[in-house]
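Chain by chain, the residues:
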Amino acid sequence: MPLKFIRDDITKLKADAIVNAANTSLLGGGGVDGAIHRAAGPELLEECRKLGGCEVGRAKLTKGYNLPAGHIIHTVGPVWSGGKNNEPELLRGCYEECLRIAAENKFESIAFPLISSGAYGYPKDQALKIAVDSCSEFLNNHDMDITIVIFDRESFDIGKKTLKNIQAFIDDNYYDETIEWRYTDARPHGNFRGILRPFGKNTHHAAGMAQAAPANVPVLEEACAESLKDKLKMIDESFTEMLLRKIDEKGMSDSDCYKKANIDRKLFSKIRSNKDYHPKKSTAVAFAVALELDIDETKEMLLKAGFGLSNSSKFDIIIRYFIENGNYNIYEINEALFQFDQVLIGS
Ligand code: AR6
């Protein structure tokens, strides 16, 4: 099952369990803890009183009461005090404990806030990394729908340096749609009206990206239609066929691939069983990333699904940035896409 990120209020989510970033008393507080107690109602506090508190890095389960979520797993994150007091291990322990409890109770879905990253002062980028690492590790051996809920934009800080590099890459490559396009008559005597060429700044990036449609499409004669039929018999490998071939070539198992692509098992089975499946672009890109294809292979795979990578889309440029830098970590790619308000890849 995939790992998802959403920007939302965790108290609004429907899941088998949501996680509360509580304190050792488990008797409520501010931040997400306060919001959960308010939304769940006073019965939650009554149940919490019976739990006898909770140690840092551990977790305890209650019912969800008035929440849309069925249960609450209360965990206590470490207070950040510079990082030398076992904070990373304790924070990782929180995620592992919550996931262990969720698995023990056969929960199929769980949503986490970014534990310790508010009042407890854990640097948000490091807190996020621990959340992602712990959850993705768990997903290697378990089927669960895990959501990491990001409350504020700042929490999703992928690190200033990466952000600056991506921004610079976008600035260098982004094709500004406001630039003027001029018609150039490239083939004055041919069937094509010409080729639209960008005119103005950044023309070198965009040149050749778009072509005008043929002007006068001829009516097919019978002989022509027959030869077209023959050609269609030799139709190229489909997206599904290419995907399955690449999985074999890379020596991966199906599950290695769909897990690494952050793709749901059911979706993968659907693709596998339909040679002519047309995936969404975000799905096709996720597979290219999971297979660690280089940029040309990625383009080839996208083309099979009817897509391309252009310089007029921030999504495409960010994907290109990661692939060209040999970074195939889907979660880091998604963090960057999220930061730039783009569709995430995978399921
Ligand atoms: N939904 C999702 N995330 C939220 C919400 C919400 N409704 N509200 C806040 N966050 P914090 P901590 C995010 O302070 O750092 C409490 O008083 C928030 O933006 O809630 O573990 C407890 O009783 C931040 O990224 O928890 C403890 O005393 C993240 O949740 C102490 O705070 C965690 O922020 C725990 O501190």
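Residues numbered from 1 in each chain as written. Predicted model: local features only at pLDDT ≥ 70, side-chain atom pairs only at ≥ 80, totals over all residues. Heavy atoms only, no water.

*Asks:* Tell me what's going on with helix α4 (residues 124-141), and back it up with residues and numbers.
*Replies:* The end-to-end C-alpha distance of α4, which contains 18 residues, comes to 27 Å, matching closely the 26 Å that a straight helix rising 1.5 Å per residue would cover. Inspection of α4 places K124, A127, L128, I130, A131, V132, S134, C135, S136, F138 and L139 among the buried residues, and these make up the whole buried set. For α4, the elements touching its buried residues are β1 (3-7), α3 (87-104), β5 (109-112), β6 (145-150), α9 (254-260) and α14 (330-339). (Helix = DSSP H or I, 4+ residues; strand = E, 2+ residues; numbered from the N terminus. Expected span 1.5 Å × (residues − 1). Buried < 20%, exposed > 50% of the residue type's maximum accessible area, 1.4 Å probe, protein only. Contact = heavy atoms within 4.5 Å.)

*Asks:* Can you break down the environment of K14 residue by residue, with the values?
*Replies:* Residue position: K14 is located in the loop between β1 and β2 (17-22). Given a relative accessible area of 75%, K14 falls into the exposed group. With 53 residues separating them along the chain, K14 and L67 place their C-alpha atoms 8.1 Å apart.

*Asks:* Describe the pattern of salt bridges, naming the residues involved and giving the relevant values.
*Replies:* Summed over the entire model, instances satisfying the criterion amount to 19 salt bridges. Of the charged contacts, one joins R92 and E96 as a salt bridge, the two residues approaching to 3.7 Å between their closest N and O atoms. Of this pair, R92 and E96 both sit in helix α3, four residues apart, roughly one helical turn. Here K260 makes a salt bridge to E292, at a shortest N to O gap of 2.7 Å. Of this pair, K260 sits in helix α9 while E292 sits in the loop between α11 (281-290) and α12 (295-304), and the two are 32 residues apart along the sequence. Each member of the salt-bridge network shares a partner with another, and the members are E237, R245, K246, E249 and E297. (Salt bridge = Lys/Arg side-chain N within 4 Å of Asp/Glu carboxyl O.)

*Asks:* If you had to explain the site of the ligand to someone new, which residues and values would you point to?
*Replies:* Near the ligand lie 24 residues; those nearest to it are G30, V32, D33, S117 and G118. Relative to its unbound accessible area of 690 Å², the ligand is 91% covered by the protein chains. Contributions of two or more residues to the shell around the ligand are made by β2 and α1 (31-40). Among the elements that take part in the shell around the ligand, α1 stands out by supplying four residues, more than any other. Along the lines of polarity and charge, the residues of the shell around the ligand split into eleven nonpolar, eight polar and five charged. (Near = heavy atom within 4 Å. Areas by Shrake-Rupley, 256 points an atom, 1.4 Å probe, with all protein chains shown as cover. Nonpolar A, V, L, I, M, F, W, Y, C, P; charged D, E, K, R; others polar.)

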